[in-house]
Amino acid sequence: MRELRFDGVSVRFGSRGHRVTAVDGVDLTVPAGSVVGLVGESGSGKSTLARAAVGLVPLSAGRVTLDGAPVPTRGRRPLQMVFQDPYSSLNPRMTIGATIAEAVPRGTDRRAEVARLLALVDLPDRMTRYPAELSGGQRQRVAIARALAGRPEVLIADEITSALDVSIQGAVLNLIRDLQRTLDLTILFISHDLAVVRYVSDTIAVMYRGRIVEHGPADTVLADPQDPYTRELLASTEGRSR
Ligand SMILES: Nc1ncnc2c1ncn2[C@@H]1O[C@H](COP(=O)(O)OP(=O)(O)OP(=O)(O)O)[C@@H](O)[C@H]1O
């Protein structure tokens with residue numbers, strides 16, 4: 001278990017004439033062993049914040065830490081990320097077993113570890129299959145297994161159910177909840193969909209135009225939203241479920 005923390009994080013793109021502040025002074029703590037849901041409309045800066053945490057985009061200001069220390073970008077990675085599109089993130093020419101084995105640290109019994117990981121994500125017996133032979137939900141399970149191969153303590157899940165049929169989203173969300181409990185993971189769970197976020201999160205942070213406009217226990221944020229933008233998000237989610 002580890003605490004993931006963003007302190008005064010800003011990310012700017014572009015140069016003078018055309019500058020975009022994608023993330024604007026974000027303070028956010030994901031306590032060890034908890035799930036923080038980060039919700040906001042497309043373009044609000046969620047993915048940029050996630051990518052900044054794993055070193056995929058440089059910070060313009062602030063810092064991201066794990067238990068107070070900078071996030072390692074070499075060697076063992078205690079922080080792993082799972083992305084939206086399970087198809088493009090898997091190599092179509094590699095079997096599922098080989099794809100996961102690649103991410104297993106050296107010095108481990110790779111075959112046994114791949115079998116353990118596939119069992120964890122409820123996909124035993126798929127080792128010799130190729131991505132095209134699996135459903136979207138199964139492919140996302142493979143991506144999750146691969147992220148878990150390095151035994152991370154912290155996961156960032158960025159829109160991991162958005163590319164999936166609604167009918168299988170629930171199963172992947174249940175898997176995330178189970179894994180969080182079994183492995184005591186710290187999770188930053190990102191989605192534009194409040195209904196998805198509320199299902200897995202202990203606390204919910206709402207992002208709007210690069211800033212966190214509201215953050216609190218999931219029940220409180222949903223029952224008594226303080227920010228007008230959160231109210232808007234909530235109203236649109238309720239409108240959809242009617
Ligand atoms: N590499 C980049 N270069 C320039 N601008 C970028 C880059 N990446 C993101 N942006 C801009 O930063 C802002 C935030 O984008 P970001 O993808 O983080 O939002 P998001 O909330 O994750 O939305 P989505 O769910 O659609 O990805 C947007 O205005 C986007 O156009």
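Residues numbered from 1 in each chain as written. Predicted model: local features only at pLDDT ≥ 70, side-chain atom pairs only at ≥ 80, totals over all residues. Heavy atoms only, no water.

- Per an unreviewed UniProt entry, the recorded name for the chain is ABC-type glutathione transport system ATPase component, and the organism is Actinophytocola algeriensis.
- Its UniProt record, at the heading Sequence similarities (unreviewed entry), says of the chain: "Belongs to the ABC transporter superfamily." (UniProt positions renumbered as here; feature names shortened; annotations may be inferred.)

## Observations regarding the pairing of strand 7 (residues 154-158)
Here comes step 1: Taking burial as the measure, the five residues of strand 7 include five buried ones, the bulk of the element.
Here comes step 2: Side chains Val154, Ile156 and Asp158 of strand 7 all project onto a buried face; the interleaved residues Leu155 and Ala157 project onto the opposite face, where all are buried too.
Here comes step 3: Looking at chain direction, strand 6 (residues 79-82) and strand 7 are connected through four bridges and run parallel. When the sheet's bridge partners are listed, Leu79 is paired in strand 7 with Val154.
Here comes step 4: Relative to strand 8 (residues 186-191), strand 7 is paired through five bridges, and the arrangement is parallel. (Buried < 20%, exposed > 50% of the residue type's maximum accessible area, 1.4 Å probe, protein only. Helix = DSSP H or I, 4+ residues; strand = E, 2+ residues; numbered from the N terminus. Pairing = 2+ DSSP bridges.)

## Digging into the site of the ligand
Here comes step 1: Taken together, Phe13, Val20, Ala22, Glu41, Ser42, Gly43, Ser44, Gly45, Lys46, Ser47, Thr48 and Glu159 make up the full set of residues adjacent to the ligand.
Here comes step 2: At 3.0 Å from an oxygen atom of the ligand is found a main-chain nitrogen or oxygen belonging to Ser44.
Here comes step 3: Gly45 is positioned such that a nitrogen or oxygen atom in its backbone is 3.0 Å from an oxygen atom of the ligand.
Here comes step 4: In terms of residue count, helix 1 (residues 46-53) provides more of the shell around the ligand than any other element does, three residues in total. (Near = heavy atom within 4 Å. Polar contact = N/O pair within 3.5 Å; in protein donor to acceptor, adjacent residues only side chain to side chain.)

## Let's talk about the packing of helix 2 (residues 96-103) against helix 4 (residues 136-148)
Each pair of packed helices can be described by the angle between their axes along with the distance between the axes.
Here comes step 1: Orientation of helix 2 relative to helix 4, taken along the N-to-C sense of each, is 25 degrees, at an axis distance of 8 Å. Here helix 2 is positioned roughly parallel relative to helix 4, judged by the angle of their axes. Note on packing geometry: the crossing formed by helix 2 with helix 4 is right-handed. Two secondary-structure elements touch here, helix 2 through Ile96, Thr99, Ile100 and Ala103 and helix 4 through Val142, Ala145 and Arg146.
Here comes step 2: Classifying every residue of the contact of helix 2 with helix 4 gives five nonpolar, one polar and one charged. (Axes fitted to C-alpha atoms, helices over the stretch in contact; angles between N-to-C directions. Parallel < 35°, antiparallel > 145°, perpendicular 65-115°, else oblique. Left-handed = near helix turned anticlockwise from the far one by under 90°. Contact = heavy atoms within 4.5 Å. Nonpolar A, V, L, I, M, F, W, Y, C, P; charged D, E, K, R; others polar.)

## Here we look at the sheet that holds strand 2 (residues 18-30)
Here comes step 1: An order of 2-1-4-5 is seen for the four strands of this open sheet, with the pairing classed as antiparallel. Strands with a single pairing partner mark the edges of an open sheet, and in this sheet they are strand 2 and strand 5 (69-70).
Here comes step 2: Relative to strand 4 (residues 61-66), strand 1 (residues 4-15) runs antiparallel, the two sharing five bridges. Within strand 4, the position partnered with Arg5 by the bridge is Thr65.

## Focus on the sheet that holds strand 9 (residues 203-208)
Picture the strands of a sheet paired through backbone hydrogen bonds; they go either parallel or antiparallel.
Here comes step 1: Ordered in space as 6-7-8-3-9-10, the six strands form an open sheet in which the pairing is mixed. The outermost strands of the open sheet, each flanked by one partner alone, are strand 6 and strand 10 (211-217). Within this sheet the neighbouring strands show an average axis-to-axis angle of 15 degrees, counted without direction.
Here comes step 2: Where helix 4 meets the sheet, it contacts strand 6 and strand 7, and its direction lies at approximately 170 degrees from that of strand 6.

## What to know about the environment of His192
Here comes step 1: Within the fold, His192 resides in the loop between strand 8 and helix 6 (194-200).
Here comes step 2: Separated by 41 residues in the primary sequence, His192 and Leu233 place their C-alpha atoms 9.3 Å from one another.
Here comes step 3: At a separation of 3.0 Å, a polar atom in the side chain of His192 contacts the side chain of Glu159.

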